[in-house]
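The lines below spell out each chain.
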Amino acid sequence: MTDLYPAADERELLRQAATAHTAATADVEAFLRRLPEVPDPADVTEYANLLSREERARADRQAAADAAGLRLPSMESE
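Residues numbered from 1 in each chain as written. Predicted model: local features only at pLDDT ≥ 70, side-chain atom pairs only at ≥ 80, totals over all residues. Heavy atoms only, no water.

A.B. asks: Teacher, can you tell me more about the overall build of the protein here?
C.D. replies: A count of helices and strands for the protein gives two helices and zero strands. Split into buried and exposed, the 78 residues of the protein put 15% on the buried side. Once local pairs closer than 6 in sequence are excluded, the contacts in the protein between residues at least 24 apart make up 62%. (Helix = DSSP H or I, 4+ residues; strand = E, 2+ residues; numbered from the N terminus. Buried < 20%, exposed > 50% of the residue type's maximum accessible area, 1.4 Å probe, protein only. Contact = heavy atoms within 4.5 Å.)

Right, dumping it as structure tokens:
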């Protein structure tokens, strides 16, 4: 029997990860656009949560890129 819903290939997983990262980045931008002149503790907490989400999404995107064969040489000095 043929699987009607084949597993996503690595490129599709990479596209999905890139979409999630773009959304997380857009959420940070939206937050910064509505940030009051004097942030309160709740704003700082929200910003920290948004940055954490964005970083996780970036790491997921990078892992998906690696799995799809888009490994880049390290950009850090050694």
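Structure shown, so let's carry the discussion forward.
A.B. asks: Is there a simple way to think about the side chain of glutamate 54 in this case?
C.D. replies: Mapping glutamate 54 onto the fold places it in helix H2 (residues 41–67). One buried charged side chain, glutamate 54, makes no salt bridge at all; its nearest oppositely charged neighbour is arginine 61, positioned 8.0 Å away. (Lys, Arg positive; Asp, Glu negative; His and termini not counted. Salt bridge = Lys/Arg side-chain N within 4 Å of Asp/Glu carboxyl O.)

A.B. asks: Help me out: how do you make sense of the side chain of aspartate 43 in this one?
C.D. replies: Tracing the backbone shows aspartate 43 in helix H2. For the buried aspartate 43, no salt bridge is present, and the opposite-charge side chain at shortest range is arginine 34, 5.1 Å distant. In contact with aspartate 43, other than residues within four places in its own chain, are Phe31, Leu35 and Pro36.

A.B. asks: Just to check I follow, could you spell out a nonpolar patch on the surface for this structure?
C.D. replies: On the surface, Leu32, Leu35, Tyr47 and Leu51 cluster together to form a nonpolar patch covering roughly 290 Å² of accessible area. Within the secondary structure, tyrosine 47 sits in helix H2. (Patch = residues over 30% accessible without salt bridge, like charges linked within 9 Å, V, L, I, M, F, W, Y side chains within 5 Å. Areas by Shrake-Rupley, 256 points an atom, 1.4 Å probe, with all protein chains shown as cover.)

A.B. asks: How do you make sense of the pattern of salt bridges when you look at a structure like this?
C.D. replies: Pairing between side chains becomes possible if they bear opposite charge and their charged atoms approach one another. In this structure the tally under the stated criterion is six salt bridges. For glutamate 46, the salt bridge is made with arginine 34, and the minimal N-O distance between the two is 2.4 Å. Pair noted here: glutamate 46 is in helix H2 and arginine 34 is in helix H1 (residues 10–34), with a separation of twelve residues, a long-range link. Glutamate 46 gets classed as partly exposed once you look at its relative accessible area, which sits at 28%.

A.B. asks: Got a minute to help me understand the packing of aromatic side chains in this structure?
C.D. replies: By convention here, two paired aromatic rings are described through the distance between centres and the angle between planes. Summed over all chains, the structure comprises one aromatic pair. Relative to tyrosine 47, the ring of phenylalanine 31 lies with its centre 5.8 Å away and its plane at 20°, an arrangement referred to as stacked. On the criterion of sequence distance, the pair formed by phenylalanine 31 in helix H1 and tyrosine 47 in helix H2 is long-range, its members being 16 residues apart. (Phe/Tyr/Trp six-rings, centres within 6.5 Å; stacked < 30°, edge-to-face > 60°.)

So yeah, pure geometry; function would need other evidence.
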